[in-house]
Amino acid sequence: MKRYDRLIFVSNSDTAVGPMAEAILQSKFLLEELMVTSKGIVVLFPEPVNPKAEAVLVSNGLTMKAHMSEPLVQEDIEPRTLILTLSQNTRQKILKEYEVKPEQPVYVLNEFVRETGELKNPYGGTLADYGQCFSELEALISKLVILLNEEELLC
């Protein structure tokens with residue numbers, strides 16, 4: 001029996017790092033079907049993906065052109081949904097501002113895949129900064145895929 005039905009990458013605005021993470025994971029092979037989305041904790045109205053993030057995605061054969069930012073809502077937080085934040089600050093805001101039960105899986109992506117350090121948000125940076133963020137996300141998500149697939153084999 002699979003552990004999660006849904007995975008949500010949560011970032012601040014859901015316009016760059018979250019959609020990049022979503023696109024990368026959707027391009028990977030998972031043993032079990034998993035609904036993958038991204039959401040933001042500071043989304044006042046829907047916005048498209050940051051042009052630099054989209055340019056980096058396209059250069060890597062992916063796209064999130066149709067993506068519009070969405071806020072994380074209380075209904076998103078349920079036991080069979082794995083919530084992976086892209087920073088420790090975002091995780092802390094979720095734990096503080098939402099009703100999160102102890103059994104609810106809310107982790108920082110790098111910690112979930114047992115990596116130290118924190119993903120650098122490229123907001124306001126150059127195209128190269130977004131490219132570097134994509135590379136870091138690609139490595140973290142490759143480890144995530146291994147963990148999720150191993151978990152499915154053990155269930």
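In every chain, residue numbers begin from 1 and rise along the written sequence. Under the rules for a predicted model, residues below a pLDDT of 70 receive no local features and side-chain atom pairs below 80 are neither given nor counted, while totals for whole chains, interfaces and linings still include all residues. To get the side-chain values, take all heavy atoms of the structure and skip hydrogens and water.

### Overview of the side chain of Thr15
Here is step 1: Mapping Thr15 onto the fold places it in the loop between β1 (6-11) and α1 (17-26).
Here is step 2: Exposed residues in this analysis have more than 50% of their type's maximum accessible area, buried residues have under 20%, and partly exposed residues fall in between, with area computed by a 1.4 Å probe over protein chains only. We classify Thr15 as buried; its relative accessible area is 12%.
Here is step 3: Throughout this description, a polar contact denotes any pair of N or O atoms lying within 3.5 Å of each other; where both atoms belong to protein, one of them has to be capable of donating a hydrogen while the other can accept it, and for residues adjacent in sequence the pair is counted only when both atoms sit in side chains. Engagement of the side chain of Thr15 in a polar contact is seen with the side chain of Ser13, the distance being 2.8 Å.
Here is step 4: With sequence-adjacent residues up to four places away left out, Thr15 is seen in contact with Glu47, Pro48, Val49, Asn50, Ala53 and Ser69. Every helix listed is a DSSP run of H or I at least four residues long, and every strand listed is a run of E at least two residues long, numbered separately from the N terminus. Here, two residues are considered to be in contact whenever any of their heavy atoms come within 4.5 Å of each other.

### Details of the pattern of salt bridges
Side-chain pairs of opposite charge can arise whenever the charged atoms involved come near each other.
Here is step 1: Here, a salt bridge means any Lys or Arg side-chain nitrogen found within 4 Å of an Asp or Glu carboxyl oxygen. Across all of its chains, the model carries seven salt bridges by this definition.
Here is step 2: Across the pair Lys28 and Glu138 runs a salt bridge, and its minimum N-O distance is 2.4 Å. Residue Lys28 is located in the loop between α1 and β2 (35-40), and its partner Glu138 is located in helix α5 (residues 127-154); the two are separated by 110 residues in the primary sequence.
Here is step 3: We classify Lys28 as partly exposed; its relative accessible area is 25%.
Here is step 4: Of the charged contacts, one joins Glu70 and Lys39 as a salt bridge, the two residues approaching to 3.5 Å between their closest N and O atoms. You can see Glu70 sitting in the loop between α2 (51-59) and β3 (81-85) and its partner Lys39 sitting in strand β2, a full 31 residues away along the chain.
Here is step 5: Overall, the relative accessible area of 6% leaves Lys39 in the buried class.
Here is step 6: Taken together, the salt bridges that share partners define one network made up of Arg6, Lys39, Glu70 and Asp76.

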